[in-house]
Amino acid sequence: MTEVARSFVERWDKSLQSNYGTPRLTLVSGKGSILTDSDGKRYLDLLGGIATNVLGHAHPAITAAVASQIATLGHVSNFYIHPGVVELAEKLQTLAKDSAARVFFCNSGAEANEAALKLSRRTGRTKIVATHGAFHGRTMGALSLTGQPAKRDPFKPLITGITHVPFGDLEAMASAVTRKTAMVIVEPILGEAGVVVPPEGYLKGLRKICDATGTLLVIDAVQTGMGRTGQWFGYEYEGIKPDVITLAKGLGGGLPLGAMIALGSASELFLPGDHGSTFGGNPVACASALAVISQIEKQNLLATVRNHEVVIKAHLRRSKFVSKVRGQGLLLGIVLSKPLALEVRQELETRGVLVNAPTSDVIRIAPALTITPAQIQTFLRKFDSTLERVFNV
Ligand SMILES: *Cc1c(COP(=O)(O)O)cnc(C)c1O
């Protein structure tokens, strides 16, 4: 590390809280799937700001939309309408295939899930069922939904009335959900827990359980949404219609934007005055989201993502160091045959590739949907040589 890079690390330490630990890399610029650090070293970005930069860095469609919007109208609050927020809500309505759907905009995934939680209270019921391992955010409400004891326990007491059952287990869900259950919330694929895909029929089964008890089915598509899995929101592969979809991460293409979409009759639950967000639906964030959606459509990225998935899975399945590859589209968890994910992550970084290790044996990749076939080949080549090196030390 050079003096410049070291000095950023020291200054972070002395000025930011220690909740993230201290990162080592200082990134100064990006273009597409390439990032450059403060020493001028280049990296291939396979993490995409945690499944967020769906069009990569500095995409011309986003920079143009954002620059033009901030120069025209930067913020107005929800006391007023602006054209972008209406256009984006209509677009999401269309993508969710429900003209009765109504959108609430916020700024993050946790806030989108908070909004869903409050919406569910308007059913007149207060019980909620969520799943073990699920991640729904860090605010007190979203943390209460999150099924990870290490993140929850230090902050108890949390919201009461929330039960967690094993992910993928329909029997456990059926016995936990009653006519008093306001909502069931699930990720269609667990993201932070290491990219875990539920057994076939899981989402369909959840739909049945919720229908039988009049319970809202909330799909947390914060990580799986916006084309990441090769579908718009990540639940469509089971052909179900949820009552609520929550979005953030990829929605703003790198700008902070979240959404809680209530479908069908759930869209009538919130009454005037029930909820709000000063920045929610901010014109600049909406302009960026509209650019994201239009590029995904124009470049036919949903199909591209599915093709990339096939190529990456076929390659990695031949590796003797990989026990399986989980996930869909460009949200993949590469399960290593030994718990060496931290070492692999670090060695990849040294070799100029950024990924993360959500668990001790899983490497997660969630690159820009615009990553090129050549960049994927570079990643696979470097991944192979990294595994050779780390497993043979
Ligand atoms: C990241 C994430 C969240 C929280 O989003 P924030 O923007 O960090 O609040 C919620 N749910 C899922 C599935 C996520 O991956």
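Not measured: the values here are computed from a predicted model.

Chemist: So what's going on with the site of the ligand? Residues and values would help.
Modeler: Around the ligand, the surrounding shell consists of Ser 108, Gly 109, Ala 110, Asn 113, Phe 135, His 136, Gly 137, Glu 187, Asp 220, Val 222, Gln 223 and Lys 249. Here Phe 135 contributes a backbone N or O atom positioned 3.1 Å from a nitrogen atom of the ligand. Gln 223 has a polar side-chain atom sitting 2.7 Å from an oxygen atom of the ligand. Expressed as a share of its isolated accessible area of 380 Å², the protein-covered part of the ligand is 82%. If you tally residues by element for the shell around the ligand, the top one is helix α5 (residues 109-121), at three residues. Considered class by class, the residues forming the shell around the ligand number three nonpolar, six polar and three charged.

Chemist: How would you summarise the state of the cysteines if you had to cite specific residues and measurements?
Modeler: Counted by the stated rule, this structure contains zero disulfides. The cysteine Cys 106 is free of any disulfide, with Cys 286 supplying the nearest cysteine sulfur at 11 Å. Its relative accessible area of 1% is what places Cys 106 among the buried residues.

Chemist: So, the nonpolar core: which residues are in play, and what are the values?
Modeler: One finds Leu 92, Met 173, Phe 233, Leu 247, Phe 379 and Phe 383 to be the most contacted residues of the largest nonpolar core, which totals 82 residues. When residues of this core are assigned to their parent elements, the largest contribution, nine residues, is made by helix α10 (residues 283-298). When residues of this core are assigned to domains, at least three fall in each of domain 1 (3-59 + 300-391) and domain 2 (73-298). If sequence neighbours within four positions are ignored, Met 173 has contacts with Val 129, Thr 131, Val 165, Val 184, Val 186, Tyr 202, Leu 206 and Ile 209. Within the second largest apolar cluster, 20 residues are counted, among which are Ala 112, Ile 185, Leu 216 and Val 218.

Chemist: Can you break down the packing of aromatic side chains residue by residue, with the values?
Modeler: What the rule picks out here adds up to four aromatic pairs. For the pair Phe 233 and Tyr 235, a centre-to-centre distance of 6.2 Å together with 10° between the ring planes defines the contact as stacked. With a relative accessible area of 0%, Phe 233 lands in the buried category. Exposure remark for Tyr 235: the relative accessible area of 4% places this residue in the buried category. Aromatic pair Phe 379 and Phe 383: ring centres 5.4 Å apart, planes at 40°, arrangement tilted. Here Phe 379 pairs with Phe 383, and both are found in helix α13 (residues 373-391), just four residues apart, close to one helical turn.

Chemist: Please give an account of the packing of helix α3 (residues 60-70) against α10 that cites residues and values.
Modeler: Axes are the key here: two packed helices are described by the angle between their axes and the distance separating the axes. It is at 8 Å that the axes of α3 and α10 come closest, and there the two elements cross at 155°. Classified by the interaxial angle, the pair formed by α3 and α10 is roughly antiparallel. Along this stretch, α3 crosses α10, giving a crossing that reads as right-handed. Across from Ala 61, Ile 62, Ala 65, Val 66, Gln 69 and Ile 70 in α3, the residues of α10 making contact are Pro 283, Val 284, Ala 287, Ser 288, Ala 291, Val 292 and Gln 295. Residues belonging to the contact of α3 with α10 are distributed by class as follows: ten nonpolar, three polar and no charged.

Chemist: Tell me about α10, and please be specific about residues and values.
Modeler: When the terminal C-alpha atoms of α10 are compared, their 22 Å separation across 16 residues agrees well with the 22 Å that a helix rising 1.5 Å per residue should span. Of all 16 residues that make up α10, 13 are buried, and the element is covered over most of its length. Measuring from the side-chain oxygen of the N-cap residue of α10 to the backbone nitrogen of Val 284 gives 2.8 Å; that N-cap residue is Asn 282. Backbone geometry just downstream of α10 places Asn 300 in the positive-phi region, at approximately 55°.

Chemist: Provide a residue-level description of the pattern of salt bridges, including the pertinent values.
Modeler: Under the definition given, this model contains twelve salt bridges. Ionic pairing is found between Arg 207 and Asp 211, a salt bridge with its closest N-O pair at 2.9 Å. With Arg 207 and Asp 211 both in helix α9 (residues 202-213) and four residues apart, the pair spans about one turn of that helix. We classify Asp 211 as exposed; its relative accessible area is 51%. In this structure, Lys 313 engages Glu 309 in a salt bridge whose closest nitrogen and oxygen atoms are separated by 2.8 Å. With Lys 313 and Glu 309 both in helix α11 (residues 301-316), this residue pair falls four residues apart, about one helical turn. Judged by its relative accessible area of 12%, Lys 313 falls in the buried class.

The rules we used
Residues numbered from 1 in each chain as written. Predicted model: local features only at pLDDT ≥ 70, side-chain atom pairs only at ≥ 80, totals over all residues. Heavy atoms only, no water. Near = heavy atom within 4 Å. Polar contact = N/O pair within 3.5 Å; in protein donor to acceptor, adjacent residues only side chain to side chain. Areas by Shrake-Rupley, 256 points an atom, 1.4 Å probe, with all protein chains shown as cover. Helix = DSSP H or I, 4+ residues; strand = E, 2+ residues; numbered from the N terminus. Nonpolar A, V, L, I, M, F, W, Y, C, P; charged D, E, K, R; others polar. Disulfide = S-S within 2.5 Å. Buried < 20%, exposed > 50% of the residue type's maximum accessible area, 1.4 Å probe, protein only. Core = buried A, V, L, I, M, F, W, Y, C linked by side-chain atoms within 4.5 Å. Domains from an automatic or database assignment. Contact = heavy atoms within 4.5 Å. Phe/Tyr/Trp six-rings, centres within 6.5 Å; stacked < 30°, edge-to-face > 60°. Axes fitted to C-alpha atoms, helices over the stretch in contact; angles between N-to-C directions. Parallel < 35°, antiparallel > 145°, perpendicular 65-115°, else oblique. Left-handed = near helix turned anticlockwise from the far one by under 90°. Expected span 1.5 Å × (residues − 1). Salt bridge = Lys/Arg side-chain N within 4 Å of Asp/Glu carboxyl O.

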